[in-house]
Amino acid sequence: MISNRTAGPPDQAKLYDRSVSCLEATDPIAVEACPVCCAEQAVPRFEISGCASQLVVCADCGLGRLHPIPDSETIRALYPDYYYGSPGTKFRTSIEKLVRIVGRRQCRFIAKSLTGSARVLDVGCGRGVMLSAMADLGFEVHGTDISKLATQGVDPRAEIRIAPNLSDALYPESYFDVVVIWHVLEHLRNPRETLEEIHRVLRPGGRIVVAVPNFSSLQARLTGSAWFHLDLPRHLFHFPLHSLRRILTEVGFDPGQDYHFSLRQNPFGWIQSILNRIPGLQRNGLYSLLHRNMIDGRPRFGTRLALGFVLTALIPPALLATVVGTVFRRGATVHIEAIRLERK
Ligand SMILES: [Zn+2]
């Protein structure tokens, strides 16, 4: 359903400015079976203001997730129209240009082993940053998303299907050479079902490229409840690297190398997470400032002044920390390319 665009965010609907606090250590509690390891025990870790669910951590595999998982209507309300920015652009102009330059670089990397006629699907394609770059490289590009509004302004060379779940997009079996699911898996109510559907629509020997925030990263461990990439409560699942590799293997993929360097995600994650630790600053205020629609309102004057000084000082250490995270395979975000195997 296409909804009408609203002029801007109402004050009461804070998208990114929600406080997250650590819970005192307790014994594990009973939860629904973990989608990675099926364990039914998890340890409460964080609570989120204005949210009935807590972030709990699987007692066996370490997967973080919201408990309970909010119902579909509650999740839909977390993505109001202004979340998507304007047609074809989510951030302010200079940032959007930067995002697209880095997106093109990522696509060239992903495309290294593809032939020119390859058929590529981007799951949760949004405004199509990757689709556009892939089309420039000569590939046949397809995208799917839950929101028609999110895909407005997408490159006309892409064939887009709007569907609540990937299986509802009704792609034929063994249809794609590559499926990209880039920072989307963590938003889904049932990530295992989606990975199984990706397995079905990929040709044997085809590749899945999956990127998520890394719950076992240095950034996640050192910044705790202030970690920018928690993005609570929109991120329903929080994958440590080993859990991501495990679920891919169980669904029928052969995960290859994992990649930990992301200029698009990781230095910013350090900067915003550190800012989130400073008392009195609006949580994720810098991110709100960069968003096209200035989500959560124009940050307070004190916030803007502090941002100017602190940002300048934080860029060099953030870049250094990004390199350190990469060297130790503990990047704040991670992407894996995995080969689709035949199921036994
Ligand atoms: Zn688990």
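These numbers come from a predicted model, not from an experiment. (Residues numbered from 1 in each chain as written. Predicted model: local features only at pLDDT ≥ 70, side-chain atom pairs only at ≥ 80, totals over all residues.)

A.B. asks: Can you lay out the overall build of the protein chain for me, pointing to particular residues and giving the numbers?
C.D. replies: Summing up its helical and strand segments, the protein chain has nine helices and 13 strands in all. For the protein chain, the proportion of its 344 residues judged to be buried stands at 42%. (Helix = DSSP H or I, 4+ residues; strand = E, 2+ residues; numbered from the N terminus. Buried ≥ 20, exposed ≤ 12 C-beta atoms within 10 Å, placed from the backbone.)

A.B. asks: If you had to explain the environment of S53 to someone new, which residues and values would you point to?
C.D. replies: Tracing the chain through its elements places S53 in the loop between strand 3 (41–48) and strand 4 (54–58). For S53, a count of 17 C-beta atoms within 10 Å puts it in the partly exposed group. For S53, the contacting residues outside a window of four places in its chain are L66, H67, P68, P70 and P233. (Contact = placed C-beta atoms within 7 Å.)

A.B. asks: Tell me about the packing of helix 4 (residues 191–201) against helix 6 (residues 241–251), and please be specific about residues and values.
C.D. replies: For any two helices packed against each other, one specifies the crossing angle of their axes together with the interaxial distance. Running from amino to carboxyl end, helix 4 crosses helix 6 at an angle of 50°, the nearest separation of the two axes being 10 Å. In terms of their interaxial angle, helix 4 and helix 6 are classed as oblique. When you trace helix 4 past helix 6, the crossing you get is right-handed. Every residue of helix 6 that contacts helix 4 at R192, L195, E196 and H199 is listed here: I247, L248 and V251. (Axes fitted to C-alpha atoms, helices over the stretch in contact; angles between N-to-C directions. Parallel < 35°, antiparallel > 145°, perpendicular 65-115°, else oblique. Left-handed = near helix turned anticlockwise from the far one by under 90°.)

A.B. asks: Can you explain the pairing of strand 3? Please cite residues and give values.
C.D. replies: Looking along a regular strand, one sees the side chains alternate between the two faces of the sheet. Across three bridges, the pairing between strand 1 (residues 20–22) and strand 3 is antiparallel. By the bridge assignment, S21 is partnered in strand 3 with E47. Relative to strand 3, strand 2 (residues 29–30) is paired through two bridges, and the arrangement is antiparallel. In the strand pairing of strand 3, I29 is matched with A42. As judged from the five bridges shared by strand 3 and strand 4, these two strands associate in the antiparallel manner. The residue of strand 4 that forms the bridge with A42 is C58. (Pairing = 2+ DSSP bridges.)

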